[in-house]
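Each chain, letter by letter, is given below.
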Amino acid sequence: MLEVIESALRGGADIVQLRDKISSKRELVEKAKRLKDLTARYGVPLIVNDHPDVALAADADGVHLGQEDMPISVAREILGPKRIVGLSTHRIEQARAAEWEGADYIGVGPVFPTATKPGRQAVTTAYVSQAAADIRIPCVAIGGITENNADEVLKAGARRLCAVSAIVGHDDPEAVCRRLLEKIEAWNSKTPKFEEGLNRTGAPEIRVVINGRNERTQAATLLELAAQYKLESRNIVAELDGEVVPRRLWGETSVRGGCAVEFVHFVGGG
Ligand SMILES: Cc1ncc(COP(=O)(O)OP(=O)(O)O)c(N)n1
Ligand SMILES: Cc1nc(C(=O)O)sc1CCOP(=O)(O)O
Ligand SMILES: [Mg+2]
């Protein structure tokens, strides 16, 4: 496994997922740790499929969840705000829900029928186009993607591709990754896709949880965030990640992606 993945990394694979449906948890932790050592040497994030606890144990960069797995919020409780949480989606309603619930990226597939996921109906490139047009978090097209059909998926609007059998089932994963990457880069330079993290004016946009709701903001400080909701002159208390922040410090207190803010106001009796 390590040889194959190192070959893919040499070819430019820029994110790796450990998807292993057979190993025990004990074996998975061991594999994830070894993979993490390898991917870290290439500066590439490692995602663990299905198991947030394994991701945490191996200090992986995130987890990938399916529609039947635990909710994103529960995975975040396990992994904390900084790790990546991705979610599989198979139709646009699921994609919108994933974005709303705070997924960092979504899988969009299976684009084509695939023996890696037998029995799943292909969503076709029509769903790839819908997701590309509607969804602001990164969309990763997956399912039956090969060098031969990658252009078709990219033409439909995908800007990130995930392939399993086309890479790990090939004699030369490095060469396949290099060629896939060339195609991705060619399409990205023609029509770059706007994604969360940069808004249309180029100013940074982050995702925060405000009074329990997922929100997006360009605010850099607590004061700017309060102003966004016209709360800056109200008699309220602000908490950032569970700590009360005195009002005089709001202007110099940064808000970062993934943080939780509570604006609390007083009511009669308490
Ligand atoms: C990038 C990406 N997208 C989709 C999947 C599929 O996840 P899931 O639906 O949970 O199915 P399994 O992979 O667990 O069989 C994925 N792993 N990665
Ligand atoms: C694991 C997986 N999930 C999918 C989804 O659409 O959610 S498609 C898929 C299989 C991807 O493997 P290959 O590149 O060999 O087709
Ligand atoms: Mg899964």
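All values reported here derive from a predicted model rather than from experimental measurement.

1. Structural notes on the overall build of the chain
Scanning the chain from N- to C-terminus turns up 10 helices and 12 strands. On C-alpha atoms alone, the chain measures out to a radius of gyration of 21 Å, which is about the 18 Å that the 2.2 N^0.38 rule sets for 270 residues. Over its C-alpha atoms, taken along the principal directions, the chain stretches across nearly 70 × 45 × 35 Å. If you take every contact in the chain between residues at least 6 apart in sequence, the share linking residues at least 24 apart comes to 53%.

2. Some remarks on the pairing of strand E2 (residues 46–49)
Both strand E1 (residues 16–18) and E2 contribute to a ladder of three bridges, which runs parallel. Considered in E2, the bridge of Gln-17 is made with Ile-47. The β-α-β motif built from E1, the intervening helix H2 (residues 25–41) and the parallel element E2 has right-handed crossover chirality. As defined by bridge partners, E2 adjoins strand E3 (residues 62–65) across three bridges and the pair is classed as parallel. When the bridges of E3 are listed, Ile-47 appears paired with Gly-62. In this region the chain leaves E2, passes through helix H3 (residues 52–57) and returns to the parallel neighbour E3; the handedness of that crossover is right-handed.

3. Let's talk about the UniProt feature "domain: Thiamine phosphate synthase/TenI" (unreviewed entry) in the chain
Annotation from UniProt places "domain: Thiamine phosphate synthase/TenI" (unreviewed entry) at residues 2–167. Summarising residues 2–167: 42% helix, 16% strand, and an end-to-end C-alpha distance of 13 Å.

4. Points about the site of ligand 2
Taken together, 15 residues sit near ligand 2, with Gly-109, Thr-114, Thr-116, Val-164 and Ser-165 positioned nearest. The residue inventory of the shell around ligand 2, partitioned by class, reads six nonpolar, eight polar and one charged.

5. A few points about the pairing of strand E12 (residues 260–265)
Of the pairings in the sheet, the one linking strand E8 (residues 206–210) to E12 comprises two bridges and is parallel in character. Its bridge partner being in E12, Ile-210 is matched across the sheet by Val-261. Pairing of strand E10 (residues 236–240) with E12, which is carried by five bridges, proceeds in the antiparallel orientation. Pairing of Glu-239 across the sheet is with Glu-262, part of E12.

6. Description of the packing of helix H1 (residues 2–10) against helix H9 (residues 173–190)
For the pair H1 and H9, interaxial distance at closest approach is 7 Å and the crossing angle is 35°. Here the hand of the crossing between H1 and H9 comes out right-handed. Contact residues: Val-4, Ser-7, Ala-8 and Arg-10 in H1; Pro-173, Glu-174 and Cys-177 in H9. The residue makeup of the contact of H1 with H9, split by class, is four nonpolar, one polar and two charged.

Calculation criteria
Residues numbered from 1 in each chain as written. Chains lettered and ligands numbered in written order. Predicted model: local features only at pLDDT ≥ 70, side-chain atom pairs only at ≥ 80, totals over all residues. Helix = DSSP H or I, 4+ residues; strand = E, 2+ residues; numbered from the N terminus. Rg over C-alpha atoms; globule rule 2.2 N^0.38 Å. Contact = placed C-beta atoms within 7 Å. Pairing = 2+ DSSP bridges. Right-handed = clockwise from strand over helix to strand, strands pointing away. UniProt positions renumbered as here; feature names shortened; annotations may be inferred. Near = placed C-beta within 6 Å. Nonpolar A, V, L, I, M, F, W, Y, C, P; charged D, E, K, R; others polar. Axes fitted to C-alpha atoms, helices over the stretch in contact; angles between N-to-C directions. Left-handed = near helix turned anticlockwise from the far one by under 90°.

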